[in-house]
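This is what each chain is made of:
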Amino acid sequence: MKKLNILFVLVFLITVSYSGYGQTITSAGSGNWGDPATWVGGSVPTSSDDVIIGAGHTVTVDAEGSCKNISFGDANSRLGLSANLKIYGNFYRFDTSVNPFYSGGNLWSDGAKMIFTGTAETQTINNLGTTSLSPYPLRFQELIIDKSSGKFTTNITGTGTDVKLGIGTSLEIINGTFELASSDDIEGRNTSGTATTPSIIVRSGGIFDMVGSSSHIRRGNFTGEETSKIGTMTVYGEANLASSTTNRINIGNIEVMNDGTLKIPYLSAGNMAASCFNPGIITVKNGGVFSNNLITNYWYNNATIPATVIIEPGGEYYTGSSTTSLAPVTEVNGDIRFARGGTQTIPAALGTVGGTVILSGSGEKTLGGNLVVNGGLSILNVSLITGENTLILGTNASLTESTGKTVVGNIQTTRDVVQSVNNTFGGIGIEINAAGTAPGSTIVLRKTGTATTGNGNQGIKRYFQITPTATNGFNATLVFKYDENELNLIPEANLRLFKSTDEGTTWTLEGGTVDPDANTVTLTGIDGFSRWTLASESAPLPVELTSFTANVKGNGVELRWKTESEVNSYLFEIQKSVQNSEWEKAGEVAASGNSNSPREYTFTDENVLAGKYQYRLRIVDNDGSEKYSNILEVNTGMPVRFNLSQNYPNPFNPGTTISYQIPEKSFVTLSIFDILGNEVKNLMNEEKEAGYHTLNFNAAEKNFSTGTYFYRMTITGLETGKVSSEVKKMQLIK
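Residues numbered from 1 in each chain as written. Predicted model: local features only at pLDDT ≥ 70, side-chain atom pairs only at ≥ 80, totals over all residues. Heavy atoms only, no water.

Colleague: I keep staring at the pattern of salt bridges and nothing clicks. Help me out?
Modeller: When the charged atoms of two side chains lie near each other, side chains of opposite charge can form a pair. In the structure shown here, the tally under the stated rule is 22 salt bridges. One salt bridge in this structure joins K665 and E689, with 3.8 Å as the shortest N-O distance. One end of the pair, K665, is in the loop between strand 58 (655-662) and strand 59 (666-673); the other, E689, is in the loop between strand 60 (679-688) and strand 61 (691-698), with 24 residues separating them in the sequence. Of the residues examined, E689 reaches a relative accessible area of 40% and is grouped as partly exposed. Linked by salt bridges that have partners in common, D162, K164 and D185 make up one network. (Salt bridge = Lys/Arg side-chain N within 4 Å of Asp/Glu carboxyl O. Helix = DSSP H or I, 4+ residues; strand = E, 2+ residues; numbered from the N terminus. Buried < 20%, exposed > 50% of the residue type's maximum accessible area, 1.4 Å probe, protein only.)

Set out below in structure tokens:
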């Protein structure tokens, strides 16, 4: 008897277990899902049961229901939803001509959702249909994907059959992957067949994945640039978009939220073809990422609402393509990351970045145009080549570099330098601390990659052009930072600071203290700023010649010149040419050797006959190296009228020569005016003998900016009292 009882219990347990797993439950007639009487055998389906809606039956989900697979007995079988239905397997439509959610009216109530869920590796909807016309594709009012593992796909074979998935109100991916298979489409259309603008929401655990090829997303079968758009896509998780069809991906707007990523991926199945993306406005919120990995200009040219990408502060634009195709309107107020594993160009159209530009991956990054960065520039494992373009750091932006991984070319910033406060200029490699007069708003241009040259020698491959508002009285400390890859074979111990006031034509040795561990050279007591570089004190840059003039004195020509400083200088050889003949030596004057203070020199060429002469200086150093000054022209015949010649060269940078003739001893004034008529420089206000005269004008002395200027000379004859005046125009181009 005991053995018989045990056997009965085992049979009972096996029967119960079987009845709860793998059953197929068929409807007994029309009714509510939650009513046992609706089902053959009186059991309400559970998540492990397959369900068949019997021929001609209509079953309505009145309270949350669940099943594994669901199918329909014939073309008249219907499913109504007044509450949520969870499906753990697949949905089998009877055939592509049947709408199981409609019978003389909509059977799917607002707020009711169909939820594909569970752990099945793949779930799908069979017999979706391939036509955008009546009877239309199968339509789902509110569809949710909430899978702890696996994916939901529109095509279980993965080959793509151009099926259409209709969404009436919303598609929400909470967890797991929703895959729109290759060539399959989403069309906004409700269960009644009316075109709609459904939303797509991708939660933090979800992935929306378009495989690509001819897939599209649109409202019904509309094709207009605005009428074809569905509603908003909101991405908290990951959304991958790809299409090659002229039907396009048409979305009202896209919002990428914190921890969300919107990707235009590189996929062999389809990629994103030209003019296929019509997204409205893409807004990337704080913590969100927009990832663009194609060079294709896939943005549709929408004349009504141009495709727009707005990266808000804290958001990121990620690009892995060699040349980034920006949306017609792109505003990067957050960060942008260039991360390709190879060469990459930063597009000129980017213009301004509100956050940080991050350079990573491998290979050179190249600046396609001038770029303003207001947050910062972070260089990781690569270098940025600017070419002729300039990267401009905003007033609060900073630069992060490492040895050998730097900006090569031009980088500029403007900072307000106040008294006794050290200013690092955003980390571009220069520091200024002025104990005296505050320099005020100061522009610093750093140029690297090209060595400064002079006197046959070279400096390192870096210089700074420093342009403060104030001009002198700074008593400043300057810290010049260098990169070891820029040393140009100069030993660090020999590095000294050199200064140029004529944009690199001549240089003055200023000195400084080297710290090879910190890669800096520091100099104190600086009174003024201009261009600065580092070079070897054992191979210095040349004499700094600041003026050179020639005047007729009686039957001779008086030459005057001035140096700001001299290093290793030996002599000045005066050379002349008569009526454009060969150059000949007219005399020589000993130089000062080494000097950090101004020196003045004169030489008179006696007993000169009437005619036209040219003069120049041959500047010779102790080591035999030499260079030449600019050329002055003098006419020793007495002029019969006043004449002001056009300056030469013109345009010029930074120096030019002005020649004039006066018929009698006169009081002469010569002034420079800007385009608005403001006097910006008085060059002469003195008596001059009758004859031919020349004067050199050096625009670097006062740091004149590029532009058009006028020079006016007025003479008053000291014997006749006659007043004459003449104006000429000249062009300074830096």
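Colleague: For this particular structure, what's the right way to read the sheet that holds strand 50 (residues 556-565)?
Modeller: Through backbone hydrogen bonds, the strands of a sheet pair up, either in parallel or in antiparallel fashion. If you walk across this open sheet you meet the 6 strands as 53-50-49-61-58-57, and the pairing is antiparallel. At either margin of the open sheet sits one strand with a lone partner, and together these are strand 53 (599-605) and strand 57 (643-644). (Pairing = 2+ DSSP bridges.)

Colleague: Help me out: how do you make sense of the sheet that holds strand 63 (residues 723-732) in this one?
Modeller: Read from one edge to the other, the open sheet built from 4 strands follows the order 60-59-62-63, with strand pairing classed as antiparallel. Each edge of the open sheet is held by one strand with a lone partner, namely strand 60 and strand 63. Strand after strand, the sheet turns through a mean of 15° between neighbouring axes, direction not considered. (Axes fitted to C-alpha atoms, helices over the stretch in contact; angles between N-to-C directions.)

Colleague: What am I meant to see in the environment of F72 here?
Modeller: Inspection of the secondary structure puts F72 in strand 6 (residues 70-72). Separated by 15 residues in sequence, F72 and H57 have C-alpha atoms that sit 9.0 Å apart. With sequence-adjacent residues up to four places away left out, F72 is seen in contact with I53, S77, R78, L79, F91, Y92, R93, F94 and P100. (Contact = heavy atoms within 4.5 Å.)

Colleague: I'm lost on the layout of surface pockets in this one. Help?
Modeller: One way to see where empty space is left: roll a probe the size of a water molecule over the atoms. Considering only enclosed or pocket space, the second largest pocket measures out at about 1,100 Å³ in volume. In this structure, the second largest pocket is lined by 44 residues; those nearest its centre are K499, T501, F529, S530 and E701. Secondary structure elements with two or more residues in the lining of the second largest pocket: strand 42 (462-468), strand 44 (495-500), strand 45 (508-511), strand 47 (520-526), strand 48 (531-536), strand 49 (544-553) and strand 50. Partitioning the lining of the second largest pocket into residue classes produces 12 nonpolar, 20 polar and 12 charged. (1 Å grid on protein atoms, 1.4 Å probe; cavity = no way out; pocket = protein on both sides within 12 Å on 5 of 7 lines; lining within 4 Å. Points joined across faces, edges and corners; volume = space filled by probe spheres on them. Nonpolar A, V, L, I, M, F, W, Y, C, P; charged D, E, K, R; others polar.)

Colleague: Sorry if this is basic, but what is going on with the nonpolar core here?
Modeller: The nonpolar side chains of a soluble globular protein tend to be buried with one another. Core analysis: the largest hydrophobic core is formed by 114 residues, its most contacted members being L79, F91, M114, F140, F208, L241 and F290. Here this core takes 6 residues from strand 13 (residues 164-180), the largest share from any one element. If sequence neighbours within four positions are ignored, F208 has contacts with L171, I173, F178, I186, I200, V202, I217, M233, E238, A239, N240 and L241. (Core = buried A, V, L, I, M, F, W, Y, C linked by side-chain atoms within 4.5 Å.)

Colleague: Could you clarify how one ought to interpret the environment of L644 in this entry?
Modeller: Mapped onto the fold, L644 is located in strand 57. Here L644 falls in the buried class, since its relative accessible area comes to 1%. Taking the C-alpha atoms as reference points, L644 and G224, 420 residues apart in sequence, are found 69 Å from one another. Leave out the neighbours within four places in its chain, and L644 touches I658, S659, Y660, Y711, M713, E726 and K728.

Colleague: How should the packing of aromatic side chains be read in this particular structure?
Modeller: The relative placement of two aromatic rings is captured by the distance of their centres and the angle of their planes. The full count for this structure, using the stated rule, is 26 aromatic pairs. On the numbers, 4.9 Å between centres and 65° between planes, the contact of F101 with W108 is edge-to-face. Counting every residue linked through ring pairs, the aromatic cluster contains F72, F91, F101, W108 and F140. In this structure, R219 is placed above the aromatic ring of F222, and the distance from its NZ or CZ to the ring centre is 4.3 Å. The residue whose ring lies beneath R616 is W583, and the NZ or CZ to ring-centre distance is 4.3 Å. (Phe/Tyr/Trp six-rings, centres within 6.5 Å; stacked < 30°, edge-to-face > 60°. Lys NZ or Arg CZ within 6 Å of the ring centre and 35° of its normal.)

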